[in-house]
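# Coordinates in review
Each chain is listed here by its residues.
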Amino acid sequence: MRFGLVHRVMTDALAVLGILALLASGQFGPWVSGSLIGGLVIALLIRDVWEKYPALKHFDAITLIGVLALQIGRLLFDANANVLDVVIEFAAALQIIRLATRKGAAHDQQVIVLALLHLISGTVLGGGLGYGLCFLGVIIVAPGALVLSHLRREVEGNYRQGARDRTGLPVDVPRILRSRRVVGRTFLGVTCLLSVPIFVFTALLFVLFPRVGLSLLLLNRGHSGRVIGFSGRVDLGEVGVLRSDPTLVMRIEMPNLPDPPPARIPLHLRGAALDAYDGRTWTQSESWKRATENEAGIIPIDDHWPDSALDPVMRIDLEPIDPPVVFLPPYASGLRLRTRATVAPEPQAMAFKGPEGELRYQPIDDRGIKYDVFLSRKKTPSFRKLPSGERWKYLTLPRNMSDRIRDLAANWTKDAKTPLDRARSIENHLRTEYRYDLASPSGKDPQPLDHFLFESKRGHCEFYSTAMAIMLRTLDVPTRNVTGFVGGSYNRFGRFYAVRQGDAHSWVEAWIDEYGWLTFDPTPPADAAPKSEIVGVWAYLRDLIEATSQRWDRHVVSYDLSQQVGLLNSLTSRYRRGGSKSTGGPRGRAGLLVVAAIVATAGGAALWLRRKKQRAAAASRAADPRSASAVVATSLYESLDAAMGARGVGRSPSVPPLRHAQALVSMSHPLAEEVLELTEIYLAARFGGVAISDEDRRSFERRVKAIRQPERPSQQAMTLPAS
């Protein structure tokens, strides 16, 4: 493997991992991300050609100034520009410019430093599973890249200082970079194995170092990757288009699941409820917000406190969502926001109550929220209050509603005797007599509900829920329209239900005097169930990635002081139990035997590999008896080469030894015959298989010494002739 190529590949890999760590956060928009990826690809394809074109000598400085001016302009003229985002984008652009215009080892070291800074920035921006993979790649690549960069810096430094090798010739840097002997598989293997102790040391620091609150970083800013929530206004036909969006919204861990758990489960996670309908749009007739009651971290639903010791608990990990709605199932009795235990003081999430039983939380960063929901053991509805003075607003009908809607409701419920029977009858008719369609033409009609019921007879969930709610109101049954998520698909690896943006749904809550607000879903069951557009192998891979991402988020990103203390307590208790059993129990002795066996096996394997390597080297020497003489001959000729250089007849590296000696003979040089004879001795031993004895070696060295230091005239006095 060529030294220069390996060094370039490892440096480029480190730069790519650094930029990918930034992009994995999802902080940048599609245009910025696309520009960074495109610029990175172009920079990697460009080779060291800038020095050949004088006109491009200052290209890097000019480009850098242009990008800097652009970012400053964004800060000055774009009110939505965030300082941190602009700085990080500039750092990524700086890396791309350096990759495209690098001119030596010094610039490669700058590339490495920038890559490490990008990795640090990635922890601030995101820290998700994608960042974790980039971090692991950096740990593996960084040792080799740093060692090779330092080695190349030394080589280029010696060349600039005019250093010479042991033959007296100048150091040829291009030849060294093309050499295949500097870097081998063993070297790469050893440097990559350095990542193991680095990873262990990093993991120990992560586990032992106290957690610090993220609020210290002052990064409570908006996030472009928030998924769509549910607000207090919904136009008929809006939610249905989300049914094809696979974006993950939340992960739910359900209690008391059967074995095996169902692949899909309807949960009807309530986000917002709307009480006023004007013929096209659902809204909330009231708008207010107040802090919820809180006792020992538990928040009651509709002023009914849960039994935290007995009620089963549903655990929900909600991604960042806008507006920040808390989603609850129909039989929720209370909830508890999971707080983060940190060394530094950090504001915790707060819940606020709004109209129609809506709950929202106050975002503190871009990590979403995690909370536990207590479920009623008796399946009691979450909301059991309807003041008599407010009943009228849940019976209000749109002014322009056609009479045939009222007649249809009466016809469908003519045999029903109670409000509950009426609700079930209308729900059944809508489920069985109408067709689900995301592209219903009724949404464009001036009377969308009338057109849906009597003309198109097809639509998505909003049409079904609106139809049932309005028809029940004509029968004096209070109703409200609810938006949220219908349920999720089971992840076999993470043991949770994944709820996606495509699971957005709309249904009805009807007031039944004997029970309270009950949930009804008039959408055909097959179309109201959680959707999954991906099946087969792709669904398997998706579940694996999402489960891995959940564990990374829970045990790494969300690792806090409470988890740290719990881990230390667990290790301490295990140590104590192990210590008490190791004195007399067989389990302790068995553990020691296992450890001893592992150590002995590792030691034996290392010894076997060492002896195998020694035998291979000995066999190689025995298989080639000429190799020793060839090595000696090469060393002797190097001394001859240096001697010729000292006498002013040095050989150029591009000229073969025999051709150089013959050239001296053709010029009738005084040293020609001696150089030719010694060169022939070298060639015979190096390539002809002729062995060189110790006497031959000493004779060769004497003759080379004579060439380097010729005998001077005798210093004895000369006898003058007689006069």
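Check the entry above for the structure.
In this convention, every chain numbers its residues from 1, walking through the sequence in written order. pLDDT decides what is reported in this predicted model: residues at 70 or higher carry local features, side-chain atom pairs at 80 or more are listed and counted, and totals for whole chains, interfaces and linings draw on all residues regardless. Just so you know, side-chain values use all the structure's heavy atoms and leave hydrogens and water out.

## Things to note about the sheet that holds strand S13 (residues 359–361)
Spatial strand order, S7-S12-S13: 3 strands in an open sheet with antiparallel pairing. This sheet does not close on itself; its edge strands, each paired only once, are strand S7 (290–291) and S13. One requirement defines pairing of two strands: DSSP has to find at least two bridges between them. Helix numbers and strand numbers start at the N terminus; a helix is a DSSP run of H or I with at least 4 residues, a strand a run of E with at least 2. Of the pairings in the sheet, the one linking S7 to strand S12 (residues 351–353) comprises 2 bridges and is antiparallel in character. Each bridged residue has a counterpart across the sheet, and for Ala 291 the counterpart in S12 is Phe 352.

## Considering helix H15 (residues 537–557)
The end-to-end C-alpha distance of H15 is 28 Å, a good match for the 30 Å that 21 residues give at a rise of 1.5 Å each. Three exposure classes are used, based on accessible area relative to the maximum for each residue type with a 1.4 Å probe and protein chains only: buried under 20%, partly exposed in between, and exposed over 50%. Considered for burial, the residues of H15 that qualify are Ala 539, Arg 542, Asp 543, Glu 546, Ala 547, Ser 549 and Gln 550. Across the axial projection of H15, the buried residues extend over an arc of 160°, all falling on one side. Exposed positions of H15 whose direction lies more than 90 degrees from the buried face are Val 537 and Ile 545. A helix is expected to span 1.5 Å for every residue after the first. The directions from the helix axis to the C-beta atoms are what the arc is built from.

## Digging into the sheet that holds strand S5 (residues 276–277)
Pairing in this open sheet of 3 strands is antiparallel, and the strands run S2-S6-S5 from one edge to the other. Strands with a single pairing partner mark the edges of an open sheet, and in this sheet they are strand S2 (233–235) and S5. Bridging between S5 and strand S6 (residues 281–283) involves 2 bridges; their strand directions are antiparallel. Within S6, the residue paired with Tyr 277 across the bridge is Trp 282.

## What about the pattern of salt bridges?
Throughout this description, the term salt bridge denotes a Lys or Arg side-chain nitrogen within 4 Å of a carboxyl oxygen of Asp or Glu. A complete count under the given rule lists 32 salt bridges for this structure. Residue Asp 108 is joined to Arg 152 by a salt bridge in which the shortest nitrogen-to-oxygen separation is 3.7 Å. One end of the pair, Asp 108, is in helix H5 (residues 105–125); the other, Arg 152, is in helix H6 (residues 129–160), with 44 residues separating them in the sequence. For the pair Asp 108 and Arg 152, one class covers both residues: buried. A salt bridge links Lys 393 to Glu 356; its shortest N-O distance comes to 3.4 Å. Placement of Lys 393 in the loop between strand S14 (369–375) and helix H10 (403–412) and of Glu 356 in the loop between S12 and S13 is noted, with a sequence separation of 37 residues between them. We note that Lys 393, like Glu 356, is buried.

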